[in-house]
Amino acid sequence: GQQLNQSPQSMFIQEGEDVSMNCTSSSIFNTWLWYKQDPGEGPVLLIALYKAGELTSNGRLTAQFGITRKDSFLNISASIPSDVGIYFCAGLGYSGGSNYKLTFGKGTLLTVNP
Amino acid sequence: GAVVSQHPSRVICKSGTSVKIECRSLDFQATTMFWYRQFPKKSLMLMATSNEGSKATYEQGVEKDKFLINHASLTLSTLTVTSAHPEDSSFYICSAPPRQGFHNEQFFGPGTRLTVL
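Just so you know, these numbers come straight off a predicted model, no measurement behind them.

Thresholds, definitions, all that
- Residues numbered from 1 in each chain as written.
- Chains lettered and ligands numbered in written order.
- Predicted model: local features only at pLDDT ≥ 70, side-chain atom pairs only at ≥ 80, totals over all residues.
- Heavy atoms only, no water.
- Core = buried A, V, L, I, M, F, W, Y, C linked by side-chain atoms within 4.5 Å.
- Buried < 20%, exposed > 50% of the residue type's maximum accessible area, 1.4 Å probe, protein only.
- Helix = DSSP H or I, 4+ residues; strand = E, 2+ residues; numbered from the N terminus.
- Phe/Tyr/Trp six-rings, centres within 6.5 Å; stacked < 30°, edge-to-face > 60°.

### Things to note about the nonpolar core
Thought 1: With 25 residues, the main nonpolar core has W35, F67, I69, L79, Y92 and L114 of chain B as its most contacted residues.
Thought 2: Where this core is concerned, the elements lending two or more residues are β2 (10-13), β3 (19-25), β4 (32-38), β5 (44-51), β7 (67-73), β8 (76-81), β9 (90-96) and β11 (112-116) of chain B.
Thought 3: Membership of the second largest hydrophobic core comes to 21 residues, among which are I13, F29, L49 and V112 of chain A.

Take a look at the structure:
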């Protein structure tokens, strides 16, 4: 089945620093998404990418859809304490009939020291 | 924005009992809902795709007789963990796309923490 490799697994940074995390896949996805999950909550969508090569920003977040459609990265600039959480990449793939499904990466745990 | 709720938020039960978890779309109709489980410090794993008015589609390795899914209306899907055992303890999360066919726009519920003693 499809697998997403997300790195790094965890990061410890100082407030104000920039952060970068990425995902690679063994197969092609037509849509890449990045989510943030706070403890005890469901994931919240941060950025969605629909075209190979697309670079999209959402405030201090920037994400890119790789040209090969097998990878994506997420950058967070000027981190703040509330950026703490687990960040997941996800690829949307066809699962049969009229259904599509999300395959998630293993997550990057971000800790920001004030 | 679209809101998905889950009930209960946490449940503790004895081994051998069954537990029902509800997933509701509060301000939109969802013909499709998705059920995930998440172990501590792990990723979300899709368990099944729930389609209103038809049988759920289960992922490989998920026991359909153990995890019963019912999508009886356009705003409610339920997951029943039958004869729960400690290894079923996990965080169960549902999601739903607010627009039919646009599965990239999934909104997630807040999750249900199940602990089986």
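### Overview of the packing of aromatic side chains
Thought 1: Tallying each qualifying case throughout the model produces nine aromatic pairs over all chains.
Thought 2: With centroids separated by 5.3 Å and ring planes inclined at 85°, the aromatic side chains of Y35 of chain A and F108 of chain B adopt a geometry described as edge-to-face. Taken together, the residues Y35 of chain A in strand β4 (residues 31-37) and F108 of chain B in strand β10 (residues 107-108) connect one chain to another. Across this residue pair, the class does not change: Y35 of chain A and F108 of chain B are buried.
Thought 3: A centroid spacing of 5.7 Å and a plane angle of 90° characterise the contact between F104 of chain A and Y36 of chain B, whose relative ring orientation is edge-to-face. With F104 of chain A in strand β10 (residues 99-104) and Y36 of chain B in strand β4, the pair connects residues from two separate chains. Y36 of chain B carries the same exposure label as F104 of chain A, and that label is buried.
Thought 4: Pairwise contacts between aromatic rings join Y35, F88 and F104 of chain A together with Y36 and F108 of chain B into one cluster.

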